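If you want the building blocks of each chain, they are given just below.
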Amino acid sequence: MKEIKKIQYAGFSYINGGVCAAKGFRANGLYTGIKENPTKKPDLCLVVSDQICRAVAVFTQNKVQAAPVTVSKRHLQQTGGTAHGMILNSKNANACNADGVEKSERMCQLAAEKIGVDAAEILIAQTGVIGQIMPIKPMEKNIDALYQGLSYDGNEKAAIAIMTTDTVKKEVAVEFQLDGKICHIGGMGKGSGMICPNMATTLNVITTDCAISTEMLQKALDSVVKVTYNCLYIDGDQSTNDTCAVLANGFAENVEIDGEGEAYDKFCQALFIVMSNITKMLAKDGEGATKLLECNVTGGKTWEDALAIAKSVIASDLLKCAMFGEDANWGRILCAIGYAPAEFTLEHVAVTLESSGGSVKVCENGAGVAFSEEAAKKVLEADEIQIQVDLADGTAKATAWGCDLTYDYVKINSDYRT
């Protein structure tokens, strides 16, 4: 299992349940045969709230957008930001198909008819191969079983159903209090390849029983995605299907969050905990990956400068190869810093490599320093590595996540379609 180390936050507790951790949410996942799979792994899932939710989302910035992105955007606009649930599938992206929108709308209709709501109250996300016709019969044949199997502990089946080349399911949930009421936020995500910064990167569904206005929910998602999913880099290919949706049904019965303040800040912190943990899970499970890479930049002149440098370092293929080979080739870090669209003073830059295996400073004042190759090797043998970059130019800081680049990445993507 590619587990990650979860950081503990005061006032928040990690709990089980994923998208079913919040009150009033049920889920299910099952195998339909969208694509022949001898393991019969689930490929279709449904997440439903017992009552209508405030709903918001962010989507891919790729100009070629898949049918489910088009349909979900349309439904959110039609309802003014509400939804009753979301249907998702793997194995077929339903992208670049002449009948794609028709098929996505049909899937929403099938789910809506079972739930007893309007089709516009269902969001949709799909993932898999681009450009292959989406079969609709497996959905029509299995929608009854999918709906009837919904349960308040069906989160794991749902999380597995959206996996493609993922090797592990990815779900996180936290519990906290607002106005003396116990609240929950839980989520699931998928993604191993076609992941680069800015979007929402991959497919993600987040549920909460907090009472929060649509406006503030969208504001929270927009702010948190900037420092989580938008800081994730695997291979530089941005998907046509990236979607991150948040559903809030208000079952916690806290005073509705309709503006900024202490309650809003605490909600954003909980959302950050869930989304940042899923981000790290996605990075660690990058296609063929053996190591989670985290670049922490401090001392930036501005947050934008710090973030651009963190992303640039994580995105360097040369560095990713060096980390796979457990080679402390720190010059590649300086090189990546240098071509980032950011302002910094080279003579101030320091770089340290850290992990459970120790800590080694490899650069100071913009130049290399003597270090033990043996000690560096021990640091890089760990499966989670932190690259600490101190710009010493200001107080801004930022973090980006990624993984190493291995032989298996090429193997996985050389015959992905066939």
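Residues numbered from 1 in each chain as written. Predicted model: local features only at pLDDT ≥ 70, side-chain atom pairs only at ≥ 80, totals over all residues. Heavy atoms only, no water.

Caption draft 1: Molecular detail of the overall build of the protein. Each helix and strand in the protein was counted, giving 11 helices and 15 strands. Since a compact globule built from 418 residues should have a radius of gyration of about 22 Å, the 22 Å found for the protein is in line with a globular shape. Taken over the C-alpha atoms alone, the protein extends approximately 70 × 55 × 35 Å along its principal axes. When each of the 418 residues of the protein is scored for burial, the buried share is 58%. Of all intrachain contacts in the protein linking residues separated by at least 6 positions in sequence, the fraction that spans at least 24 positions is 81%. (Helix = DSSP H or I, 4+ residues; strand = E, 2+ residues; numbered from the N terminus. Rg over C-alpha atoms; globule rule 2.2 N^0.38 Å. Buried < 20%, exposed > 50% of the residue type's maximum accessible area, 1.4 Å probe, protein only. Contact = heavy atoms within 4.5 Å.)

Caption draft 2: Geometry of the environment of T279. Structurally, the position occupied by T279 is in helix α6 (residues 262–284). Considered as a pair, T279 and T207 are 72 residues apart in the sequence and their alpha carbons are 16 Å apart. For T279, the side chain forms a polar contact with the main-chain nitrogen of Y229, separated by 3.5 Å. (Polar contact = N/O pair within 3.5 Å; in protein donor to acceptor, adjacent residues only side chain to side chain.)

Caption draft 3: Here's a closer look at the pairing of strand β9 (residues 243–248). Counting buried residues in β9 gives 6 out of 6 residues, a clear majority hidden from the surface. Side chains T243, A245 and L247 project from β9 onto one buried face, and the interleaved C244, V246 and A248 project onto a second face that is buried too. For strand β3 (residues 44–59) and β9, the ladder comprises 6 bridges, and the chain directions are antiparallel. Looking at β9, one finds that V56 is bridged to V246. Sheet topology places strand β8 (residues 203–208) next to β9; 6 bridges connect them, and they run parallel. The residue of β9 that forms the bridge with T207 is L247. (Pairing = 2+ DSSP bridges.)

Caption draft 4: Fine view of the sheet that holds strand β15 (residues 396–403). If you trace the 6 strands from one edge of the open sheet to the other, you get β13-β12-β11-β14-β10-β15, paired in mixed fashion. Two strands close off the open sheet at either side, each with one partner strand: β13 (367–368) and β15. Where strand β11 (residues 350–355) meets strand β14 (residues 384–390), 5 bridges bridge the pair, whose relative direction is antiparallel. Paired with T352 across the strands is Q388, a residue of β14. Here α6 sits on the sheet and contacts β10 (292–300), β14 and β15; the angle it forms with β15, its principal contact strand, is near 40°. (Axes fitted to C-alpha atoms, helices over the stretch in contact; angles between N-to-C directions.)

Caption draft 5: Local environment of the side chain of K91. Structurally, the position occupied by K91 is in the loop between β4 (82–89) and α2 (100–115). Although K91 lies buried, it forms no salt bridge, and the closest oppositely charged side chain, D43, sits 7.3 Å away as judged by the N-O distance. In this structure, K91 is in contact with I34, K35, N37, K41, D43, T127, G128, V129 and T164, ignoring residues within four places of it in sequence. (Lys, Arg positive; Asp, Glu negative; His and termini not counted. Salt bridge = Lys/Arg side-chain N within 4 Å of Asp/Glu carboxyl O.)

Caption draft 6: Main features of helix α5 (residues 214–226). With 13 residues, α5 should cover 18 Å at 1.5 Å per step; its first-to-last C-alpha distance of 19 Å lies within 8% of that length. If you check which residues of α5 are buried, you get M216, L217, A220, L221, V224 and V225. When α5 is viewed along its axis, its buried side chains cluster within an angular range of 160° and face the same direction. Those residues of α5 that are buried are in contact with β3, β9 and α6. (Expected span 1.5 Å × (residues − 1). Arc of directions from axis to C-beta.)

Caption draft 7: Quick look at the pairing of strand β5 (residues 122–126). Most of β5 is tucked away, with 5 of its 5 residues classed as buried. Both faces of β5 are covered, namely the face carrying I122, I124 and Q126 and the face carrying L123 and A125. When β4 meets β5, the two strands line up parallel, connected through 5 bridges. Within β5, the residue paired with G85 across the bridge is I122. For the segment spanning β4, α2 and β5, crossover handedness is right-handed. (Right-handed = clockwise from strand over helix to strand, strands pointing away.)

Caption draft 8: Focus on the packing of aromatic side chains. Tallying each qualifying case throughout the model produces 2 aromatic pairs. Each ring, one from F12 and one from F176, has its centre 5.6 Å from the other, and the planes form 45°; the classification is tilted. Taken together, the residues F12 in the segment before β1 (13–14) and F176 in strand β6 (residues 170–178) connect sequence positions 164 residues apart. Taken individually, F12 and F176 each receive the classification buried, so the pair is uniform in this respect. Each ring, one from F324 and one from Y407, has its centre 5.3 Å from the other, and the planes form 90°; the classification is edge-to-face. Taken together, the positions of F324 in helix α8 (residues 317–324) and Y407 in helix α11 (residues 407–414) put the pair 83 residues apart, joining distant regions of the chain. The ring of F12 carries K266 above its face, with NZ or CZ at 5.9 Å from the centroid. (Phe/Tyr/Trp six-rings, centres within 6.5 Å; stacked < 30°, edge-to-face > 60°. Lys NZ or Arg CZ within 6 Å of the ring centre and 35° of its normal.)

Caption draft 9: Looking closely at α6. Taking 1.5 Å of rise per residue, the 23 residues of α6 would be expected to cover 33 Å, and the 33 Å separating its terminal C-alpha atoms lies within 8% of that figure. Most of α6 is tucked away, with 17 of its 23 residues classed as buried.

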